[in-house]
Amino acid sequence: MNTPKELKYASSDEWIMVEGNIATLGVSDYAQDQLSDVVFFEANVSVGEVLEKNAIVATIESVKAAADVKLPVSGKVIEVNDALADTPELINSDPYGAAWMLKVELSDPGEADALMDADAYAGFCETRGH
Amino acid sequence: MFIPHTEVEKDAMLKSIGVKDIKDLFTDVPEKYRFPKLNLPPGVTELEVMTELSEYAAANELVGDMACFLGAGAYHHYIPAVVDSLLRRGEFYTAYTPYQPEISQGTLQAVFEFQTLIANLTGMEVCNASHYDGATATAEAGVMAYHHFRGKRKKILLSPAIHPHYREVLCSYLCGFEDIEISSGTLQADLSDQPDDLIKQVDDQTALVVVQYPDFFGRIQDFSNLVSSAHQTGALIAFVTNPTALGVLKTPGELGADIVVGEGQPLGIPLSYGGPYLGYFATRKEYVRKLAGRLVGETSDALGRRGYVLTLTAREQHIRREKATSNICSNQGLMALAATIYMSLVGKHGMRQVAELCYQKAHYAASEIAKLSGFKVITREPFFHEFVVKCPTAVNDINHELLDMGFIGGYDLGSSYSEMQDNMLVAVTEMNTKEDIDAFVAALQEVTND
C-alpha cells in the first residue's frame, strides 16, 4: 500500500496535499483498493462554493460499493477535476495523481495539521481488518 | 408469500426491542385514531358476493360497445389478440422485476426490447424500464432536473398546454422540495398561445421546461426557439409525448429534448378507470446516472452467448437509500411488456399506419364538425388526432345526451380550464369508422337543435 509522505490523511480515507493555502483532495490507495474497480465518479460541488469541514463533495461507485468523499478541511472550491467523471478508473490507477478531485482555498490552514501523516495513516490502515 | 408470525415469535421480538405490548408501538398515533371501530356489514357467502359484484360490473358502459370520441390522455386503440395471450403466459405474468434478475433472461430481454423500442420511437439514447403512468413519469422529469442541478436551480416552467393532471401530479411530487418554484405559461382560450411565449420566463434559475407534443389540445407546435433558449440558459427541456403520434412526427430527440416522457397506454393497453397504465421515461446518455428506476443491458457471457443484465439499478433500492432521488422501485413491468408486444407486432410501418389513420380520421371529423351550425373548430394549427370544438351549449349536457345515443363525447375542457367553458376536446382514432364519425356529427347537431 502506497502512502506518500508529503500528504495528509483523514480517517475516512481521503488525502489532501497542502501548498500554501491551497489544498488538493483525493482518496487514498487503500480506499481505491477496498472499493475495487471504480465505475463512476461525480463531484457534488462546484467552483465558488464555500464548504464546511467534512462536507460531502463527491460520490464514487465501484463494482462493489458506493462511497461518499468528504472534504476533511473547510474551504472554498477553486477547481474541480471535470475529467474524472469520464475516466473514473483513474481513481484505481493513479489515486494520488490524475485522480485528484478538487482544489480548495483553505479557510483555516491549521485544520490540516489535525489530520494524520503518512506513517500514522499507514498504521491506521493496518489496524483495520478486511 | 406472507407468513404471519406466531405469538411466541411476536413476544420474542417485543422483548428484544424492550416493548411490553404491541399496542405500545402505536402510541404516536392519537388514541382516537388508533383502533377505530369499523362499521362493517355482516359477512356474506361467495355466491352473494359474486351476484352483487356482477350487478355492478353489468352497470358499466363498455367502450367497445360505443363510439368513443374521448381521449385527453387515454385513447381507444385496437389491441391485437396476441398481446393478451402472450402477456398472460405464466412466465411473464408478474408486475415485478425479479429480485435475482439475471436468472430471468426472458423478462430481462423483454425489458431490454421495451427500452430499445421507446428509445427508437422518441429518438433518445436511453430509456428506463417504466413508471406508473404518464403523470408520474412527468413528475420524475421534474425530480431528475432538480437533482441534476443539485437543487441550485429552483424553477420548473410548465407549458400551459401539458395535461392538467400531469401538472397536478408534478406539483404534488415536488411541492416539498426546498424553495422550488413551479410556474406555468398563460393559456389563450382561443388557442393562440405559442411555445415562444414561454421564452421570457426561462432564465438561469430554470432547471426544467416541460412541453407536450402533441399538446393536450392536440396541437403540433414548433418548439425550436424554446429549446434553444432553454439550452442557452443551461436548463433542461422535457417533452411529454403521445407514442402513437411519434409514428409520424419528428422525434423529440431530433428536436433537442433532454428528457422524453409519456403515457404508454396507447401501446396495447386497454382503457380502464384508474389503470394500470404505463409511464415511459427516456433521456440522453449523459443523464443516465440520474435516471430513476432501472436499466437492462445486453452483454455476452463467458462463452460468448448473448445475455441480459441489470446494468443500472436504482441505488436507492439496495444501498445508500438516504441518497435516493426517487422512490420508484417496482414499476409497470407487465404493462411495459404489453407495449413491447404491441410495438413488435405492429412494427415500424404499422406505427406509422396507426398514426396516419388517426390523423386522417380526426381531420375528417374536424372538417365535418366545422360545417355544423353553432359549433366552431377552435384548433387552427396542425393537429394530430385531437382538436377543440366550441359548442353552443354546455359540454356536460351534450355528452349526457350523446351517451344515451351510444356515443362517448369528447373531454369537457371547462372542467380543467375555467376560461374554456363549452369547449370540447374531441379525439378520433383508427377505431372510429367513417360511419361512426358521420353519426357522431349528426348526433352533435341533433342534441343541440332542440
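For the structure itself, look to the data block above.
Cut-off values and rules
Residues numbered from 1 in each chain as written. Chains lettered and ligands numbered in written order. Predicted model: local features only at pLDDT ≥ 70, side-chain atom pairs only at ≥ 80, totals over all residues. Helix = DSSP H or I, 4+ residues; strand = E, 2+ residues; numbered from the N terminus. Buried ≥ 20, exposed ≤ 12 C-beta atoms within 10 Å, placed from the backbone. Axes fitted to C-alpha atoms, helices over the stretch in contact; angles between N-to-C directions. Parallel < 35°, antiparallel > 145°, perpendicular 65-115°, else oblique. Left-handed = near helix turned anticlockwise from the far one by under 90°. Contact = placed C-beta atoms within 7 Å. Nonpolar A, V, L, I, M, F, W, Y, C, P; charged D, E, K, R; others polar. Core = buried A, V, L, I, M, F, W, Y, C linked by C-beta atoms within 7 Å. Domains from an automatic or database assignment. Pairing = 2+ DSSP bridges. Right-handed = clockwise from strand over helix to strand, strands pointing away.

Caption draft 1: Just unusual backbone geometry, in detail. Between Tyr213 of chain B and the following residue, Pro214 of chain B, the backbone shows a cis peptide bond with an omega angle of -10°. Looking at where Pro214 of chain B falls in the secondary structure, it is placed in the loop between strand E5 (206-213) and helix H8 (224-232). Unusually for a residue other than glycine, Asp13 of chain A sits at a positive phi of about 75°. Position of Asp13 of chain A relative to the elements: it lies in the loop between strand E1 (8-9) and strand E2 (14-19). For Asp13 of chain A, a count of 24 C-beta atoms within 10 Å puts it in the buried group. A positive phi is found at Asp179 of chain B, a non-glycine position, where the angle reads about 55°. By the element assignment, Asp179 of chain B lies in the loop between helix H7 (164-174) and strand E4 (181-184).

Caption draft 2: How the structure looks around the packing of helix H6 (residues 134-148) of chain B against H7 of chain B. Residues and elements named next belong to chain B. Running from N to C, H6 and H7 cross one another at 45°; their axes reach a closest spacing of 8 Å. Judged by the inter-axis angle, H6 sits oblique to H7. For the element pair H6 and H7, the recorded crossing hand is right-handed. Here Gly134, Ala135, Thr136, Thr138, Ala139, Gly142, Val143 and Tyr146 of H6 lie close against H7, whose contacting residues are His165, Tyr166, Val169, Leu170, Tyr173 and Leu174. Here the residues of the contact of H6 with H7 sort into 9 nonpolar, 5 polar and no charged.

Caption draft 3: Structural detail: the nonpolar core. Residues and elements named next belong to chain B. Membership of the largest hydrophobic core comes to 117 residues, with the highest contact counts inside it found for Leu208, Val209, Ala238 and Ala339. Ranked by the residues each element gives to this core, the list is headed by helix H10 (residues 333-370), at 20 residues. Both domain 1 (63-77 + 348-449) and domain 2 (81-342) contribute no fewer than three residues apiece to this core. Ignoring any residue separated from it by four or fewer positions in sequence, one finds Ala339 in contact with Phe114, Gly264, Leu267, Gly268, Ile269 and Leu278.

Caption draft 4: Fine view of the sheet that holds strand E3 (residues 22-27) of chain A. Residue and element names in this part refer to chain A. Spatial strand order, E1-E2-E3-E9-E8-E5: 6 strands in an open sheet with antiparallel pairing. Single-partner strands in this sheet number two, and they are E1 and strand E5 (50-51). Across 5 bridges, strand E8 (residues 75-80) lies against strand E9 (residues 102-106) in antiparallel orientation. Following the sheet pairing, Glu79 is matched in E9 by Lys103.

Caption draft 5: Fine view of the pairing of E5 of chain B. All names here are of chain B. E5 sits mainly inside the fold: 8 of its 8 residues count as buried. Here strand E3 (residues 155-158) runs beside E5; their pairing, made up of 4 bridges, is parallel. Considered in E5, the bridge of Leu158 is made with Val210. Between the parallel elements E5 and strand E6 (residues 236-241), the chain passes through H8 in a crossover that is right-handed.

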